[in-house]
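# An overview of the molecular structure
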Amino acid sequence: MKEQILTCLSPGYPWKEQLQCFLEVDSTNDRLKQLAAQGAPHGTVLIADRQTGGHGRRGRTFLSPAGMGIYLSILLRPDCAPGELMHLTCATAIAMCGAVEQAAGFRPGIKWTNDLVYGRKKLGGILTELGLTSQGKVDFAIIGIGINCCQREDDFAPEIREIAGSLAMASGQEISRAKVAAAMMEALEKMDAALLTKKDAMLAQYRRDCITIGREISLLRGDQVRHGRALDVDDNGALVVAFADGSVEAVNSGEVSVRGMYGYL
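Residues numbered from 1 in each chain as written. Predicted model: local features only at pLDDT ≥ 70, side-chain atom pairs only at ≥ 80, totals over all residues. Heavy atoms only, no water.

### Details of the side chain of aspartate 49
Counted only if it meets this: Secondary structure elements are defined from DSSP: runs of H or I of at least 4 residues count as helices, runs of E of at least 2 residues count as strands, and each element is numbered from the N terminus. Any N or O atom pair separated by 3.5 Å or less is treated as a polar contact, with the protein-specific requirement of one donor-capable and one acceptor-capable atom, and with residues adjacent in sequence counted only for side-chain atom pairs.
Take aspartate 49: it is sitting in the loop between β2 (45–48) and β3 (69–76). One polar contact links the side chain of aspartate 49 to the main-chain amide nitrogen of glycine 67, over a distance of 3.2 Å. Side-chain polar atoms of aspartate 49 contact the side chain of arginine 177, separated by 2.9 Å.

If you want it as structure tokens, here you go:
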């Protein structure tokens, strides 16, 4: 698959030599963390045809069957403090919306904070992880992205068919995984170039793409469930929620469900 992806990349893409492709890994994020500790350079990209231990936020499993999706992780080494990367997941999400639009012909939405969605179905997810130096600065940022590309409804297990979708299902056309991977890589390179200088513009685009804003939501933290309405996304990427008790809070942790999606009625 590597040669197919390289063929789809633009001639000026700067990180071609840092692309590594695998038939199978446990997790591209976990493998890339090992390489980061060994000194792998900024712009290193791992892509697996299949993951045996793919995972997302809160330790949830991300199913990664062979021949069906793109399972990609990228290593960045920004020279900054961790607080300057509060918007990293948001920046990645809009970059991936742009990549899907380029490769598949439609722009997905974002369910706060890190799900790519179309209609009521999840197309993919994002997991960002930071490593810090002994001085507390960012040593590396690893961004993992899984996007369902070629699945049809019957390819998903019965228990997730109502909530899972793919680019092929959403677009009604055959999808080139190599084209999707190349678009993702190019979008991430452009995002990296603007990450520390165009935060406001990125968050403005995130608000336009985020389907959670204006919707009824529930927030789960431990055993506590609170209901409210999502008002906005703040300048750090937190979800601003007006709760039923009249309070307004910026939410940056917990599990947010959106009414009408993923079985939440």
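### A closer look at the sheet that holds strand β9 (residues 224–233)
Selection criterion: For two strands to pair, DSSP has to find at least two bridges joining them. Note on geometry: axes are C-alpha line fits, over the in-contact stretch for helices, and angles between N-to-C directions span 0 to 180 degrees.
With respect to topology, five strands assemble into an open sheet ordered β11-β10-β9-β8-β12, the strand pairing being antiparallel. Of all the strands in the sheet, the pair left with one neighbour each is β11 (248–251) and β12 (255–258). Across the sheet, the mean angle separating the axes of adjacent strands is 40 degrees when strand polarity is ignored. Sheet topology places strand β8 (residues 216–221) next to β12; four bridges connect them, and they run antiparallel. In the sheet register, leucine 219 faces β12, and the bridge partner there is valine 256.

### A word on the layout of surface pockets
Regions of empty space are outlined by a rolling probe, equal in size to a water molecule, passed over the atoms. Counted only if it meets this: The pocket and cavity definitions rest on a 1 Å grid over protein atoms only: a 1.4 Å probe that fits but cannot leave marks a cavity, an open set with protein on both sides within 12 Å along at least five of seven lines marks a pocket, and residues lining either have an atom within 4 Å of a point. Grid points are joined across faces, edges and corners, and a volume is the space filled by probe spheres set on the points. Three residue categories are used. Nonpolar comprises Ala, Val, Leu, Ile, Met, Phe, Trp, Tyr, Cys and Pro, charged comprises Asp, Glu, Lys and Arg, and polar comprises the others, including Gly.
Within this model, the second largest pocket holds a volume of roughly 420 Å³. Lining the second largest pocket are 19 residues, and of these Met86, Thr89, Thr113, Thr128 and Asn252 sit closest to its centre. Broken down by element, the lining of the second largest pocket gets its largest block of residues, five residues, from strand β6 (residues 121–132). Among the residues making up the lining of the second largest pocket, the classes are represented as ten nonpolar, seven polar and two charged.

### Comments concerning the environment of phenylalanine 22
As a reminder of what qualifies: Contacts are assigned to residue pairs with any non-hydrogen atoms lying within 4.5 Å of each other.
Mapped onto the elements, phenylalanine 22 comes out in strand β1 (residues 19–22). Separated by 24 residues in the primary sequence, phenylalanine 22 and leucine 46 have C-alpha atoms spaced 7.7 Å apart. Contact partners of phenylalanine 22, with chain neighbours within four places excluded, come to Arg31, Leu46, Ile47, Ala48 and Asp49.

### Some words on the pairing of β1
Quick note on the threshold: The path from the first strand over the helix to the second decides the hand: if it runs clockwise while the strands point away from the viewer, the crossover is right-handed.
Direction of pairing for β1 relative to β2: parallel, over a ladder of four bridges. Residue pairing for β2: cysteine 21 is matched across the bridge by isoleucine 47. Remark: the β1/helix α2 (residues 28–37)/β2 crossover connection has right-handed handedness.

### Some thoughts on helix α3 (residues 88–104)
At 3.6 residues per turn, the α-helix brings residues three or four places apart onto the same side. Put simply, the rule reads: Here, expected helix span is obtained from the residue count minus one, scaled by 1.5 Å. Burial here depends on accessible area, computed with a 1.4 Å probe over protein chains only, as a share of the maximum for the residue type. Under 20% is buried, over 50% is exposed, and the range in between is partly exposed.
For α3, spanning 17 residues, the distance from its first C-alpha to its last is 24 Å, which sits close to the expected 24 Å at 1.5 Å a residue. Across the 17 residues of α3, 14 count as buried, placing the element largely inside the fold. A positive phi of about 85 degrees marks glycine 105, the residue just after α3.

### Here's the deal with the sheet that holds strand β5 (residues 115–118)
Read from one edge to the other, the open sheet built from seven strands follows the order β1-β2-β3-β7-β6-β5-β4, with strand pairing classed as mixed. The open sheet terminates on both sides in strands that have one partner only, identified here as β1 and β4 (109–111). Each adjacent strand pair in this sheet contributes to an overall mean axis angle of 20 degrees, direction not counted. As judged from the four bridges shared by β5 and β6, these two strands associate in the antiparallel manner. By the bridge assignment for β6, aspartate 115 is matched with glycine 125.

### Here we look at the nonpolar core
The cut-off we apply is this: Nonpolar cores are built from buried Ala, Val, Leu, Ile, Met, Phe, Trp, Tyr and Cys residues. Side-chain atoms within 4.5 Å join them into one set.
Ranked by size, the top nonpolar core spans 68 residues in total, and within it Leu72 and Leu167 carry the most contacts. The greatest single-element share of this core, amounting to twelve residues, is contributed by α3. If sequence neighbours within four positions are ignored, leucine 167 has contacts with Val100, Ala104, Phe106, Leu123, Ile147, Asn148, Cys149, Gly172, Ile175 and Val180. Ranked by size, the runner-up nonpolar core spans eight residues in total, among them Ala36, Ala40, Leu46 and Leu75.

Without other data, these values stay purely geometric and don't point to any function.
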